[in-house]
Amino acid sequence: MIKKLTTAILLALAAGSALAQVPQGYPADYQKLVDAAKKEGKLVVYGATDSKATQPLIRDFSALYPGITVEYNDMNSTEVYNRFISERAAGGNTADVMWSSSMDLQLKLAAEGSALQYKSVEAAQLPAWAIWEHKAYGTTFEPAAIVYNKRLLAAGEVPQTHDDFVRLIQQPKFRDKVTTYDIEKSGVGFMFMTRDAAAYPKFAELQKAFGVAKVRVQSSTGTMMERISSGENLIGYNVLGSYALVRAKTDPSIGVVLPKDYTQIMSRVVFINKAARNVNAAKLWLDYMLSKRGQTIIANESKLYAIRADVTGETTSADLVKAIGQANVKPIPVNPSVLDYLAPAKRMAFLKGWKETAGKK
């Protein structure tokens, strides 16, 4: 009798432990998804987010769903895209989940049929502009910033708007001292610049100003900030603000401006591969990233600016909107409108114009 009772208690505890893994407020049948994901036991993610920023999410996801191993592959945004399409074309193993700051390349893949349609249980908590057909979701709220060297620029020199920036970098002091993304190699850099072309009426003047300054281009945010911090460059344009604002807290040489005329907001887009081998684990991961728990990790440990308005912490969308002003916040929508400049002819024309003006040496 005691043995039977003990067995019953252990079974009840095991059942309770399993059920406890279903987040509060989720549908009762979500446990089936959890169980199926545990049977898969693995999740492969291709991402353009630094591993250091991603590890807190992986640790917490693993604590929530033990038994599912997350394999995270850290690449730049163009590499994420190229690797996925080449592996898909070859019919080999590839990612279950794609997560990238290059919104246009992510939407291109999703619009061409690579994304699984999955209505996340957390979808209602996101702004409408951050969801496309329940196939692609925005996960962060990150500004494009102007970053400068605080030691080498006087307070009166620091630009507050795009017009200020255009005037500033044409001064002799800034020749060979201005940096931005290499838009031929950086997907997010290309996207930011093409969005500027649509949002900024004086974009042609901006390109010419880059040419006057003999702009130095880089493929990563980290390299730009290193060179600004050292003084090799004095100022950087369209630098990923999430990384820059965090670094500014510990690097006395780094100053960050969120332009007062408009600040572009990028959101790292996530989607599930329609042919995912570990599709159930992928669904758990997507729901987790969009959940209040996952978004709290994004805000307080990953420092990538949570997209959900109900999240509190060090880096949230609410804090950013308050700092910039609602009217000046310009989110890049998660929809195919971001694909305009990916058409081969239009892309080549844009890059040609860039080389002839901004890129000339």
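Up top is the structure.
To start, this report covers the structure provided alongside it. Small disclaimer: the values here were computed from a predicted structure and weren't measured. Here the residue numbers are simple positions, counted from 1 along each chain's written sequence. Reporting in this predicted model follows two pLDDT cut-offs: at least 70 for local features of residues, and 80 or more for side-chain atom pairs to be given and counted; totals over whole chains, interfaces and linings ignore these cut-offs and use all residues. Water and hydrogen atoms play no part in the side-chain values, which are based on all heavy atoms of the structure.

**Some thoughts on the overall build of the chain**
The way it works is that DSSP assigns letters per residue, a run of H or I at least four long becomes a helix, a run of E at least two long becomes a strand, and they are numbered from the N terminus. Helices and strands together make up the secondary structure of the chain, namely 14 helices and 13 strands. With the C-alpha coordinates aligned to their principal axes, the bounding extent of the chain is approximately 90 × 45 × 35 Å. When a residue's accessible area, from a 1.4 Å probe over protein chains only, is under 20% of the maximum for its type it is buried; when over 50% it is exposed; and in between it is partly exposed. Burial status across the chain gives 53% buried among its 361 residues. Note on contacts: a residue pair is in contact if any heavy atoms of the two residues lie within 4.5 Å. Put simply, 78% of the contacts in the chain that link residues at least 6 apart link residues at least 24 apart. Counting only carbon and sulfur atoms, one obtains 55% of the accessible surface of the chain, whose full area is about 15600 Å². In these tables, accessible area is a Shrake-Rupley quantity obtained with a 1.4 Å probe, and a residue counts as shielded only by the protein chains included in the view.

**Examining the nonpolar core**
With 117 residues, the main nonpolar core has F210 and I235 as its most contacted residues. Sorting elements by how many residues they give to this core places helix α11 (residues 279–290) first, with eight residues. Only buried residues count toward a nonpolar core, which is a set of Ala, Val, Leu, Ile, Met, Phe, Trp, Tyr and Cys residues joined through side-chain atoms within 4.5 Å.

**Focus: the packing of aromatic side chains**
Think of it this way: a Phe, Tyr or Trp ring, Trp meaning its six-membered ring, pairs with another when their centres are within 6.5 Å, and the plane angle makes it stacked under 30 degrees, edge-to-face over 60, tilted otherwise. For the structure on display, the rule yields 15 aromatic pairs. Between F203 and F350 the ring centres are 6.0 Å apart and the planes differ by 25 degrees, which places this aromatic pair in the stacked class. A residue pair is termed long-range when its members are at least 10 positions apart, and F203 in helix α8 (residues 203–213) and F350 in helix α14 (residues 344–356) qualify at 147 residues. Site record: aromatic cluster; members linked through ring pairs are F61, Y65, W285 and Y288. Between the NZ or CZ atom of K346 and the centre of the ring of Y341, over which it lies, the distance is 4.6 Å. In this arrangement the basic side chain of R347 is found over the ring face of F190, its NZ or CZ atom lying 4.5 Å from the centre. For a Lys NZ or an Arg CZ to count as sitting over a ring, it must be within 6 Å of the ring centre and within 35 degrees of the ring normal.

**Describing the pattern of salt bridges**
Any Lys or Arg side-chain nitrogen found within 4 Å of a carboxyl oxygen on Asp or Glu counts as a salt bridge. Applying the stated criterion across every chain yields a total of 16 salt bridges. Of the charged contacts, one joins R268 and E142 as a salt bridge, the two residues approaching to 2.5 Å between their closest N and O atoms. In this pair, R268 sits in the loop between β11 (263–266) and β12 (269–272) while E142 sits in strand β6 (residues 142–149), placing the two residues 126 residues apart along the sequence. Considered together, R268 and E142 belong to a single accessibility category, that of buried residues. Residue K202 pairs with D163 through a salt bridge whose shortest N-O separation is 3.3 Å. Of the two residues, K202 is situated in the loop between α7 (187–199) and α8 and D163 in helix α6 (residues 162–168); the sequence distance between them amounts to 39 residues. Connected through shared salt-bridge partners, E122, R308 and D310 make up one network.

**So, the side chain of D251**
Mapped onto the elements of the fold, D251 is located in the loop between α10 (241–248) and β10 (254–257). By the criterion applied in these results, polar contacts are pairs of N or O atoms within 3.5 Å in which, for protein atoms, one can donate a hydrogen and the other can accept it, and in which residues neighboring in sequence qualify only through two side-chain atoms. From its side chain, D251 meets the backbone nitrogen of S253 in a polar contact 2.9 Å long.

**Description of the packing of helix α5 (residues 103–114) against α7**
A fitted line through C-alpha atoms represents every axis, and for helices the fit uses only the stretch in contact; the resulting angles, taken between N-to-C directions, go from 0 to 180 degrees. One way to put it is that α5 packs onto α7 with a least axis distance of 7 Å and a crossing angle of 100 degrees. Considering their axes alone, α5 and α7 lie roughly perpendicular with respect to each other. The residues of α7 that touch α5, namely those facing M103, D104 and L105, are G187, F190 and M191. Relative orientations are named as follows: roughly parallel for angles under 35 degrees, roughly antiparallel for angles over 145 degrees, roughly perpendicular for angles from 65 to 115 degrees, and oblique for any other angle.

**A few points about the side chain of N280**
In this fold, N280 is placed in helix α11. Judged by its relative accessible area of 19%, N280 is buried. Filtering out sequence-adjacent residues up to four positions away, N280 remains in contact with L33, A36, A37 and E40.

**Considerations on the packing of helix α2 (residues 30–40) against α11**
Contact geometry of α2 with α11 gives a least axis separation of 7 Å together with a crossing angle of 120 degrees. As summarised for this structure, α2 and α11 are arranged oblique, according to the angle between their axes. The handedness of the crossing between α2 and α11 is left-handed. Seen from α2, the contacting residues are Y30, L33, V34, A36, A37 and E40; seen from α11, they are V279, N280, A281, K283, L284 and D287. Residue type decides the class: Asp, Glu, Lys and Arg count as charged, Ala, Val, Leu, Ile, Met, Phe, Trp, Tyr, Cys and Pro as nonpolar, and the leftover types, Gly among them, as polar. Residue classes in the contact of α2 with α11 are distributed as eight nonpolar, one polar and three charged. By definition, any crossing whose near helix is turned counterclockwise from its far helix by less than a right angle is left-handed, and any crossing with a clockwise turn is right-handed.

**Observations regarding the sheet that holds strand β5 (residues 136–138)**
Spatially, the six strands line up as an open sheet ordered β2-β1-β3-β12-β5-β4, and their pairing is mixed. The outermost strands of the open sheet, each flanked by one partner alone, are β2 (69–74) and β4 (131–132). What makes two strands pair is DSSP finding at least two bridges between them. Here six bridges tie strand β1 (residues 42–47) to β2, and the two strands are oriented parallel to one another. What sits directly across from G47, in β2, is D74. Docked against the sheet, helix α3 (residues 51–64) engages β2 and β3 (97–100), running at close to 170 degrees with respect to β2.

**Regarding α14**
An α-helical turn contains 3.6 residues, so a residue and the one three or four places further along point in the same direction. Taking 1.5 Å of rise per residue, 13 residues should cover 18 Å, and α14 covers 18 Å from first to last C-alpha, within 8% of that figure. Buried within α14 are the following residues: F350, L351 and W354. An end-on view of α14 places all buried positions within 95 degrees of arc, on one side of the element. Across from the buried face of α14, at angles greater than 90 degrees, the exposed residues are P344, A345, M348, K352 and E356. The secondary structure elements touched by the buried residues of α14 are β7 (178–181), α7, α8 and β8 (216–218). Take the residue count of a helix, subtract one, and multiply by 1.5 Å to get its expected span. This arc is built from the directions going out from the helix axis to the C-beta atoms.

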